Amino acid sequence: TKNLSHYEILGPLGRGSNSFVYKAKCVLTGGTVALKVIDITSDERKARAKKEVGLHKSLCHESIVAYIDDFKDDSYWYLVLEYCEKGELYSHLKRRNFALNEDEIRHIGSQLLRALEYLESRNIAHLDVKLGNIFINKCMEVKLGDFGFAEICAKSAKESNTAQECAPLKKNDSKHGLGVRAKSQSVHHKSNNISLIAGTPSYIAPEALEIGSKSPKSDIWSASCVLFALATGKTPFEAKDMSTTFANIMAGVVQYPSHLSANFVSALRSAFERSPHKRASARQLLDAPFFDSKCMDESTLS
């Protein structure tokens, strides 16, 4: 029987709203893993943990943090995951003084977009793509993780010309206030038992704020916020307070610094389309000149 005694806790890695993540060593194999400990002391938390673990267990992609094992007791669900030695992308960016060149952004972005393309092929929306949920291993490979807010969508792109949607909401429901813990953390607000917002304020797509729509196209918006932050040190819509941040997102106006290459700006513009139906897909972005090494601007190599 699998249990916590099979793992030696080596230190903390991070925390979420209902979970803690530790660096751990498997005493049976000697391998180092990331051990996510999820609180399941209520029926709601147990249901969320079951969905997260089941969904993560079904995924297999080189740019997604690998599932290894899971087990549970009366209070916690333990999710054993691939350990990424270099930590969160946010920490890496901070060590670099919040400035990456466009070659590095292309390297990170292409791997992130391939992960999103894979999720879209599985009709899955991550819904919390941000710097803190992207990890780097010792080979400097990018891995998308933390599927606590992820949803399986109803339709595939081949079945509908519209954006895939997960649990679409009534438009009037989005007028309720948001429960925001902190700017750098995720928010998850409910009204009348209907989930309204799931994600991190500065990365949330406008359709999620406006009508509570959730789809893989929302992940494209969030991923573009990540790429913008890699180049500038901040997300494109962030402000001193949440209401202004959300107003900026709804306006969708982005100020692009002059040092960004034309191809990079073009890719970002296609991803920041206000309507998810017009927004570029992961594959369309990967085919864009910025991610095509044969079509790089001279300034990209500076």
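Residues numbered from 1 in each chain as written. Predicted model: local features only at pLDDT ≥ 70, side-chain atom pairs only at ≥ 80, totals over all residues. Heavy atoms only, no water.

(A) Highlighting the pairing of strand β3 (residues 32–39). In terms of burial, β3 is a largely internal element, seven of the eight residues being buried. In textbook terms, the turn of a hairpin is the stretch between consecutive antiparallel strands, and for strand β2 (residues 19–26) and β3 this stretch comprises five residues, one of which, Gly30, has a positive phi near 80°. Sheet topology note: the β3/strand β5 (residues 76–82) ladder contains seven bridges and is antiparallel. When the bridges of β5 are listed, Ile38 appears paired with Trp77. (Buried < 20%, exposed > 50% of the residue type's maximum accessible area, 1.4 Å probe, protein only. Helix = DSSP H or I, 4+ residues; strand = E, 2+ residues; numbered from the N terminus. Pairing = 2+ DSSP bridges.)

(B) Seen up close, helix α7 (residues 262–271). Of all the residues in α7, the buried ones are Asn263, Phe264, Val265, Ala267, Leu268 and Ala271. Looking at the buried positions of α7, the neighbouring elements they touch are α3 (102–121), α5 (216–232) and α8 (282–286). (Contact = heavy atoms within 4.5 Å.)

(C) Structural view of the packing of α5 against α7. Where α5 contacts α7, the two axes come as close as 9 Å, and the packing angle between them is 150°. The orientation of α5 with respect to α7, classified from their angle, is roughly antiparallel. By crossing handedness, the relation of α5 to α7 is classed as left-handed. For the pair formed by α5 and α7, the contact residues are Ile220, Trp221, Ser224, Leu227, Phe228 and Ala231 on the first element and Phe264, Leu268 and Ala271 on the second. Class assignment for the residues of the contact of α5 with α7 results in eight nonpolar, one polar and no charged. (Axes fitted to C-alpha atoms, helices over the stretch in contact; angles between N-to-C directions. Parallel < 35°, antiparallel > 145°, perpendicular 65-115°, else oblique. Left-handed = near helix turned anticlockwise from the far one by under 90°. Nonpolar A, V, L, I, M, F, W, Y, C, P; charged D, E, K, R; others polar.)

(D) A look at the sheet that holds strand β9 (residues 142–144). Ordered by their spatial adjacency, three strands build an open sheet running β6-β8-β9, and the pairing between neighbours is antiparallel. Every interior strand has two partners, whereas the edge strands, β6 (87–88) and β9, have only one. Here two bridges tie β6 to strand β8 (residues 134–136), and the two strands are oriented antiparallel to one another. In the strand pairing of β8, Glu88 is matched with Phe135. Taken strand by strand, α3 contacts β8 and β9, and its axis lies near 35° from that of β9.

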